[in-house]
Amino acid sequence: MPQPMTGDLGDNVHVITHPLIQHKLTIMRKKETSTAGFRRLLREISMLLGYEVTRDMPVTFESIETPLQPMMAPTLDGKKVVIISILRAGDGIRDGMLEILPSARVGHIGLYRDHETLEAVEYFFKVPSEMSDREVILCDPMLATGNSAIAAVDRVKKTQPKSIKFVCLLAAPEGIRNLHAKHPDVPIYTPAVDERLNDKGYILPGLGDAGDRLYGTK
Ligand code: URA
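The structure displayed is predicted, hence computed values, not measured ones. (Residues numbered from 1 in each chain as written. Predicted model: local features only at pLDDT ≥ 70, side-chain atom pairs only at ≥ 80, totals over all residues. Heavy atoms only, no water.)

Trainee: How should I be thinking about the sheet that holds strand S1 (residues 13–15) in this particular structure?
Mentor: For sheets, the rule is that strands pair by backbone hydrogen bonds, running either parallel or antiparallel. With respect to topology, seven strands assemble into an open sheet ordered S1-S11-S9-S7-S4-S5-S6, the strand pairing being mixed. The open sheet has two edge strands with one neighbour each: S1 and strand S6 (120–126). Taking the axes of each pair of neighbouring strands and ignoring which way they run, one obtains an average angle of 20° across the sheet. Inspection of the sheet shows strand S5 (residues 105–113) paired to S6 by six bridges, in the antiparallel sense. Residue pairing in the sheet places Ile109 in a bridge with Phe125 of S6. Against the sheet, helix H5 (residues 173–182) engages S1, strand S9 (163–167) and strand S11 (188–190), with an angle of about 160° to S11. (Pairing = 2+ DSSP bridges. Helix = DSSP H or I, 4+ residues; strand = E, 2+ residues; numbered from the N terminus. Axes fitted to C-alpha atoms, helices over the stretch in contact; angles between N-to-C directions. Contact = heavy atoms within 4.5 Å.)

This is the structure in structure tokens:
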């Protein structure tokens, strides 16, 4: 499937081109897709993204017994994972991720976008108290200007987690460049990199306002 070139976007961008994800994303982009459909598809895509984003997570081996014999079997410590949702649309990704990482801890960061300056302003922050051995998956469907993502990563880094990965549904080249100019160490996972932003900071061709489409608030 043709994808925009990501070479000039740097190495730390993972474009997840799996056909199942691409197909579901196409349905999400359509203006006639219902709120219920949009919500279900975001959940399904997020489960599939969760599979990709956990690919390199360390496993430990525990001693178990099958009905036939003992063995050392690999396990992932789900409690070490913290899914942090950038409110409010990040909750759509959070819900899908939790389907496949049911033991993960959950954090929330509330940021609103000042419509004049497009800058992110924080109004809520709650994550587990001890973060030093936790792997953060930071979720926001739209990486547009990158301002919210930068503010969220700035804030999450203050808690000194073991690692941070950023997961979105759509990214604009500007958002990727801005986030990586400030935080080149944070890998970005996205199913697609779209063309550009419009003058209101929306991704083109995009899918519109992800929060409004997820919650039916428009
Ligand atoms: N936020 C959205 O919901 N959509 C965009 O296109 C950009 C930011």
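Let us keep going from here.
Trainee: Explain the site of the ligand to me, please; I cannot follow it from the model alone.
Mentor: The ligand sits among Arg113, Met142, Ala144, Gly201, Tyr202, Ile203, Gly208, Asp209 and Ala210. A distance of 2.8 Å separates an oxygen atom of the ligand from a polar backbone atom of Ile203. Ala210 has a polar backbone atom sitting 2.7 Å from an oxygen atom of the ligand. When the ligand sits alone it has 240 Å² of accessible area, and the protein chains cover 88% of it. (Near = heavy atom within 4 Å. Polar contact = N/O pair within 3.5 Å; in protein donor to acceptor, adjacent residues only side chain to side chain. Areas by Shrake-Rupley, 256 points an atom, 1.4 Å probe, with all protein chains shown as cover.)

Trainee: I'm lost on the nonpolar core in this one. Help?
Mentor: One broad rule of soluble globular proteins: the nonpolar side chains tend to lie buried together. Judged by nonpolar contacts, the single largest core of 33 residues is most densely connected at Met97, Ile137, Val167 and Leu207. Breaking this core down by element, the ones donating at least two residues are helix H1 (19–29), helix H2 (35–53), strand S4 (81–87), helix H3 (90–100), strand S7 (135–139) and helix H6 (210–215). In terms of residue count, H2 provides more of this core than any other element does, six residues in total. Filtering out sequence-adjacent residues up to four positions away, Val167 remains in contact with Leu49, Val53, Ile93, Met97, Ile137, Leu138, Cys139, Asp140 and Tyr189. By size, the runner-up hydrophobic cluster in this structure holds 27 residues, among which are Ala149, Ile150, Phe166 and Leu179. (Core = buried A, V, L, I, M, F, W, Y, C linked by side-chain atoms within 4.5 Å. Buried < 20%, exposed > 50% of the residue type's maximum accessible area, 1.4 Å probe, protein only.)

Trainee: I keep staring at the packing of helix H4 (residues 147–157) against H5 and nothing clicks. Help me out?
Mentor: What describes two packed helices is the angle between their axes and the distance between those same axes. One way to put it is that H4 packs onto H5 with a least axis distance of 9 Å and a crossing angle of 25°. What the angle tells us is that H4 and H5 run roughly parallel. The hand of the H4/H5 crossing is right-handed. Here Ala149, Ile150, Val153 and Asp154 of H4 come into contact with H5, specifically with Asn178, Leu179 and Lys182. Per-class residue counts for the contact of H4 with H5 are four nonpolar, one polar and two charged. (Parallel < 35°, antiparallel > 145°, perpendicular 65-115°, else oblique. Left-handed = near helix turned anticlockwise from the far one by under 90°. Nonpolar A, V, L, I, M, F, W, Y, C, P; charged D, E, K, R; others polar.)

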